[in-house]
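Residues per chain are reported as follows:
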Amino acid sequence: MLARTQLHDPAPPPARDLAVAEIRTTIVDVPTVRTHKLSQTSVTAQSYVIVRLRLGNGVEGIGEAATLGGPRWSEESVEGIKAVIDAYLAPALLGHKADRFVAAGERLDAAAKRNNAAKAAIETALFDAVGRTLGLPVAALLGGAVRASFPVLWTLASGDPDQEIAEAEAKLDARLHRSFKIKIGAQAPEADLARLARLSRALVDRAQLIVDANQAWDEATARRCLPRLTDLGIALVEQPLPAWNVAGMGRLRTRDDIPPLLADECVFTSHDMLAVAQDAAADAVSLKLVKHGGLVGLRKVAAVAEAAGIGLYGGCLLESSVGAAAHLQAFAGLRDLAWGCEHFGPQILTDDLVTEPLRFRDFAVHLPEGPGLGVTLDPDKLRHYARS
Ligand SMILES: [Mg+2]
């Protein structure tokens, strides 16, 4: 009698040693195509920590922590993220099984308080490695995808309205973006209002316009300026007040002459989301891995928002295709992503870190196919942009 292997000659099953064997971190700096100005900083290159996590079966997963101009958008910097992962987070996971995502989260929380971007990068690498081992996309590990593409906006943040109108026209012509987020707060409110009036006159009939103040205004300024944004046709205003002033956002929302408000810097944890819901302080929330500490945390924040009737928006911190793919895998399973997403990060970089960048077409970014995150790190690019 023939042995079964002689009849079928099956491929060997994937090695299932899912223990975390090695975690390596690399800081990379990738130039941007233009200066990106926010209320608190201005960047000409994006810095990331790339995490490579190898399992006992030899499969490698990747993750990314993005920052914006050092520890200015939040308290984390690439230098700090790398140090925290190397000294505290990586040792907490070595030898433990990669598919125990919730247990891994508990270990990471015990090893370090907050440090959410660092935790998100390492948790993303766990999901990627497990997905690659099982031949499943990360979205499948999170409950399965309900969408394969996402409306994606573009951010206008040079501060020069002539340049910004030309930039928006080019994006409309190329059918890449028809929703634009305008960064304000780097100059006085009256100057921003004049700039917004010009952008609105040029674009509002053909595009959706959103404004992000990145916490720049106090409550009195917001009370004065927000009705004027309604007159300019602005569809949504992100984080007009400082992150601590959730009650103030709630007071603004009692007025009927202001645009809907989007919570960003005031919502890191699911507890923050609950506080915003209790104060009725936002119409929508911007979901970001760097804030929520990973994919599991992002889904928890989204669940609290959904329970409170607060809309979901797929936020970014100018991630490369690695971080953007991780977000898309998480967003793919949300039933209602009412406000679309903003993962244009790969397009503002002069180069990308993966072998096949994300696809942007017909005003949408498309969920990459294949196991894990669906993107593969290019080792030459990693070496080229690695900080020496
Ligand atoms: Mg924001």
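Small disclaimer: the values here were computed from a predicted structure and weren't measured.

Moving on, we get to the sheet that holds strand β11 (residues 311-314). With parallel pairing, seven strands are arranged side by side in an open sheet as β5-β6-β7-β8-β9-β10-β11. Looking along the sheet, the strands with just one partner apiece sit at the ends: β5 (154-156) and β11. Ignoring which end each strand starts from, the neighbouring axes of this sheet average 30° apart. Pairing between strand β6 (residues 179-183) and strand β7 (residues 208-212): five bridges, direction parallel. Bridging from a neighbouring strand, serine 179 pairs with glutamine 208 of β7.

In a regular helix each residue adds 1.5 Å, so 15 residues correspond to 21 Å; helix α7 (residues 189-203) covers 20 Å between its end C-alpha atoms and thus fits that length. Taken residue by residue, α7 has Asp192, Leu193, Arg195, Leu196, Ala197, Leu199, Ser200 and Leu203 as its buried positions. Tucked into the core, α7 has its buried residues touching β5, α6 (161-173), β6, β7 and α8 (219-231).

Turning to the coordination of the magnesium ion, a few remarks are in order. On the protein side, the magnesium ion has Asp212 (OD), Glu238 (OE) and Asp264 (OD) as donor atoms, found 2.1 to 2.4 Å from it. Mapped onto the sequence, the residues coordinating the magnesium ion show the spacing D-x25-E-x25-D. In this pair, glutamate 238 sits in strand β8 (residues 236-238) while aspartate 264 sits in the loop between β9 (261-263) and α10 (270-278), placing the two residues 26 residues apart along the sequence. Just as glutamate 238 is buried, aspartate 264 falls in that class too.

Before going further, it helps to spend a moment on the side chain of lysine 171. Tracing the chain through its elements places lysine 171 in helix α6. Ignoring anything within four residues of it in the chain, the contact list for lysine 171 reads Trp154, Leu176, His177, Phe180 and Gln347.

With that out of the way, let us pick up the packing of helix α2 (residues 78-93) against helix α3 (residues 101-111). Where α2 meets α3, the closest approach of the two axes is 9 Å, and the angle between their N-to-C directions is 150°. Note on packing geometry: the crossing formed by α2 with α3 is right-handed. Residue-level inspection shows Tyr88, Leu89, Ala92 and Leu93 of α2 in contact with α3, the latter providing Ala104, Arg107, Leu108 and Ala111. Broken down by class, the residue content of the contact of α2 with α3 amounts to seven nonpolar, no polar and one charged.

Counting across every chain of the model gives three aromatic pairs. If you follow arginine 114 out to its NZ or CZ, it ends over the ring of phenylalanine 268, 5.2 Å from the centre.

Along strand β3 (residues 60-66), six of the seven residues are buried, which leaves the element largely enclosed by surrounding structure. One ladder, built from seven bridges, connects strand β2 (residues 42-55) with β3; its direction is antiparallel. Its bridge partner being in β3, tyrosine 48 is matched across the sheet by alanine 66.

Turning to the domain arrangement of the chain, a few remarks are in order. Each domain of the chain was delimited in the assignment, giving domain 1 (15-137) and domain 2 (141-378). The straight-line distance from the C-alpha centre of domain 1 to that of domain 2 is 22 Å. With 42 residues of domain 1 in contact, the opposing surface of domain 2 contributes 49 residues. Between domain 1 and domain 2 we count one salt bridge in total. Of all elements in the fold, only β1 (20-37), β2, β3 and α4 (116-134) reach the threshold of two or more residues within the side of domain 1 that touches domain 2. Top element by residues in the side of domain 1 that touches domain 2 is α4. It accounts for twelve residues. Considered class by class, the residues forming the side of domain 1 that touches domain 2 number 19 nonpolar, 13 polar and ten charged.

Evaluated as defined, the whole model comprises 29 salt bridges. Measuring nitrogen to oxygen at the nearest pair gives 3.3 Å for the salt bridge that ties arginine 24 to glutamate 60. One end of the pair, arginine 24, is in strand β1; the other, glutamate 60, is in strand β3, and 36 residues separate them in sequence. Lysine 183 is paired through a salt bridge with aspartate 212; the nearest N and O atoms lie 2.7 Å apart.

The element β2 is extensively covered by neighbouring structure, given that ten of its 14 residues are classed as buried. Two elements, β1 and β2, share 13 bridges in a ladder whose sense is antiparallel. Its bridge partner lying in β2, aspartate 29 is registered against serine 47. Hairpin connection, β1 to β2: the antiparallel pair is bridged by four residues. What sits between the antiparallel neighbours β2 and β3 is a turn of four residues, in which glycine 58 has the positive phi angle 90°.

Conventions adopted
- Residues numbered from 1 in each chain as written.
- Predicted model: local features only at pLDDT ≥ 70, side-chain atom pairs only at ≥ 80, totals over all residues.
- Heavy atoms only, no water.
- Pairing = 2+ DSSP bridges.
- Helix = DSSP H or I, 4+ residues; strand = E, 2+ residues; numbered from the N terminus.
- Axes fitted to C-alpha atoms, helices over the stretch in contact; angles between N-to-C directions.
- Expected span 1.5 Å × (residues − 1).
- Buried < 20%, exposed > 50% of the residue type's maximum accessible area, 1.4 Å probe, protein only.
- Contact = heavy atoms within 4.5 Å.
- Donors = N, O, S within 2.8 Å, 3.2 Å for Na, K, Ca; no water.
- Left-handed = near helix turned anticlockwise from the far one by under 90°.
- Nonpolar A, V, L, I, M, F, W, Y, C, P; charged D, E, K, R; others polar.
- Phe/Tyr/Trp six-rings, centres within 6.5 Å; stacked < 30°, edge-to-face > 60°.
- Lys NZ or Arg CZ within 6 Å of the ring centre and 35° of its normal.
- Domains from an automatic or database assignment.
- Salt bridge = Lys/Arg side-chain N within 4 Å of Asp/Glu carboxyl O.

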